[in-house]
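# Coordinates in review
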Amino acid sequence: MSDIVVLGGGPGGYAVALRAAGRGQSVTVIEADKVGGTCLHLGCIPSKAMLYVGGLLDQVRDSSRVGLDLDINGVSVDGINDFREKVQNNLYRGLTSLMKGKGIEVVDGHGTVADDGRTVLVDEQRYTAASALVLATGSRVRSLPGVDVDGKVVITSDDATRLPRIPRRALVIGSGAVGLEFASLWRSLGAEEVTVVEALDRIAPLEDPDLSKHLVRNYRKRGITTVAGATVDSVKVEGEAAMVRFGEQEATADTVLVAVGRSPRTEGVGFEQLGVVDERGYVHVDEWCRTAADGVYAVGDLLPPPSLALAHAGFAEGFLVADVIAGDGDPQPIDYAQVPRVTYTSPEVASVGLTQPQAVEKGFDVAATQYSFRGNAKGIIHDSDGFVKVVTEKDGEVLGVHVIGPHATDLIAEAQLITAWGALPSEVAALVHPHPTLAEAMGEAHLAAAGTPFHAHAKRADKPPHGMVNAVRRYG
Ligand SMILES: Cc1cc2nc3c(=O)[nH]c(=O)nc-3n(C[C@H](O)[C@H](O)[C@H](O)COP(=O)(O)OP(=O)(O)OC[C@H]3O[C@@H](n4cnc5c(N)ncnc54)[C@H](O)[C@@H]3O)c2cc1C
């Protein structure tokens, strides 16, 4: 009998296991497929490996700008898949050896929770937890009613991460991170037409509206069409193409990606009898990731908002659960507003804390400042017209930071410290950023927000910017 039994070996589950095993507790992880879960095998890692390739192609296309004469002589789908697999295998080997090294028992098989709420059944075998059972079965692709996925023309991200071919005419339904990443990837890999259809009133609807607007403009320049406020009514496959109707429009595509989110994987695993699953299939937990069933915890994509369906949110929940089970240290509930949100499109999008509308809605007297990468040396080298946007309480602390541009998903790490520690713009402005770096834009945005702009002209937003205006300070 192990101290802890974890059902599901994705980021949430293996984070619990590694943290608890590091404390000397015995842990059994039951995994139906491969440890690493969606993230390593069908999500974060394969998509980012392929996006890296797409980024290289874009750089070659951009090479004449920097005085080079480079050509793309071919794109090999097999070669890209080999590269992607190498990256995944490397990480998989590392993870399995880490788990083995910590003495974690990994059981291959599909588990179901038994009536006692402490035991997982795998075939005839019983794995009973002495101390705690952790549910970590993750999520699966959400289906779109009336749209049949055939895995060839109409596909999900599970198919797309294995890249059977490069779409020529692609239509992506949904503009969350997954939809946008594949739209961006396929265009970079050479798709002739890419259209993103979003039912809500703007693409990237969870991000600050300024980022959505900027992304639309950049996509237009890249030849990616976006249609917001349109619901897909039908997808009809004929041969190797599909006719998609949305709003008043229709489009033909050889690849239709259904990217309308993910659903918690709670069916057929015995969770219902624990009384912990809500009508949408999510597992309900308190701020310590404890379910209503004694000694049963849940982490990762199983959890409803405000938890985020992101691997690093799963890691954080895994650490929290291991700390709570151990009963030592000083575990703190997760503040999900402080968990960075990342979308690896081109340009990259990343944010932490409150958007401007959210801050206004919460009753703050809001000030917002944008600093353009056009005023930043590395930004100019990258030819970026993106920006860092800082949302503050007027004359108060930083409430949110939003970045669109090169390496935004890395730059957001500094912003996380700023918002989580409730820094004042002037405190960040006092920190010296290395020059020349993209990170300087973070410093410059805070210099401007503190009222001491450096490489920037401060302008009121109600007056349209002209010339080299790279800071916009807005009130209200
Ligand atoms: C295309 C795509 C790109 C993504 N990119 C990013 C990104 O860049 N950054 C980011 O942070 N997040 C990203 N995500 C989200 C991320 O993958 C998930 O948030 C994360 O994997 C969730 O972790 P989890 O442990 O909750 O579940 P999962 O990763 O889904 O793992 C659950 C595991 O449980 C196993 N399991 C399920 N049922 C059973 C059972 N009954 N018995 C035994 N085992 C079982 C499954 O086989 C699986 O291995 C992406 C997702 C997708 C689809």
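Structure shown above.
This write-up is about the structure you can find in this document. (Residues numbered from 1 in each chain as written. Predicted model: local features only at pLDDT ≥ 70, side-chain atom pairs only at ≥ 80, totals over all residues. Heavy atoms only, no water.)

### Some words on the overall build of the protein
When helices and strands are counted, the protein shows 13 helices and 24 strands. By the compact-globule yardstick of 23 Å for 476 residues, the protein fits well, its C-alpha radius of gyration being 23 Å. Expressed as lengths along the three principal axes of its C-alpha atoms, the size of the protein is roughly 70 × 60 × 40 Å. Every one of the 476 residues in the protein was classed for burial, and the buried ones make up 51%. (Helix = DSSP H or I, 4+ residues; strand = E, 2+ residues; numbered from the N terminus. Rg over C-alpha atoms; globule rule 2.2 N^0.38 Å. Buried < 20%, exposed > 50% of the residue type's maximum accessible area, 1.4 Å probe, protein only.)

### Remarks on the sheet that holds strand E8 (residues 154-155)
What links the strands of a sheet is backbone hydrogen bonding, and the strands pair in either a parallel or an antiparallel sense. Reading across from one edge, E8-E15-E9-E10-E11 is the order of the five strands in this open sheet, with parallel pairing throughout. The two strands at the open ends of the sheet, each matched to only one other strand, are E8 and strand E11 (224-228). Pairing geometry for strand E9 (residues 169-173) and strand E10 (residues 193-198), over five bridges, is parallel. Counted as the bridge partner of Val-172 is Val-196 from E10. (Pairing = 2+ DSSP bridges.)

### Observations regarding the side chain of Thr-437
Mapped onto the elements, Thr-437 comes out in the loop between helix H12 (425-429) and helix H13 (440-449). A relative accessible area of 18% means that Thr-437 is categorised as buried. There is a polar contact of 3.1 Å between the side chain of Thr-437 and the backbone nitrogen of Glu-440. Here Thr-437 is in contact with Asn-376 and Lys-378, once residues within four sequence places are set aside. (Polar contact = N/O pair within 3.5 Å; in protein donor to acceptor, adjacent residues only side chain to side chain. Contact = heavy atoms within 4.5 Å.)

### Looking at the environment of Phe-83
Topologically, Phe-83 is positioned in helix H4 (residues 77-101). Judged by relative accessible area, Phe-83 falls into the partly exposed class, the value being 31%. With 33 residues separating them in the primary sequence, Phe-83 and Met-50 have C-alpha atoms 8.3 Å apart. Here Phe-83 is in contact with Ala-49, Tyr-52 and Val-53, once residues within four sequence places are set aside.

### Quick look at helix H6 (residues 177-189)
Between the first and last C-alpha of H6 there are 18 Å, a value that for 13 residues agrees with the 18 Å anticipated at 1.5 Å per step. In terms of residue burial, H6 counts as a mostly covered element, since ten of its 13 residues are buried. Two residues or fewer after H6 comes Gly-190, characterised by a positive phi angle close to 120°. (Expected span 1.5 Å × (residues − 1).)

### Considering the pattern of salt bridges
Evaluation of the coordinates by the stated rule reveals 18 salt bridges. Across the pair Arg-61 and Asp-58 runs a salt bridge, and its minimum N-O distance is 2.7 Å. Separated by three residues within a single helix, Arg-61 and Asp-58 lie in helix H3 (residues 44-61), roughly one turn from each other. Owing to a relative accessible area of 43%, Arg-61 belongs among the partly exposed residues under this scheme. (Salt bridge = Lys/Arg side-chain N within 4 Å of Asp/Glu carboxyl O.)

### Describing the pairing of strand E19 (residues 348-353)
Extensive coverage of E19 is indicated by the burial of six of its six residues. Inspection of the sheet shows strand E18 (residues 341-343) paired to E19 by three bridges, in the antiparallel sense. Across the sheet, Thr-343 pairs through a bridge with Val-349, a residue of E19. Pairing geometry for E19 and strand E22 (residues 398-405), over six bridges, is antiparallel. In the sheet register, Val-352 faces E22, and the bridge partner there is Val-401.

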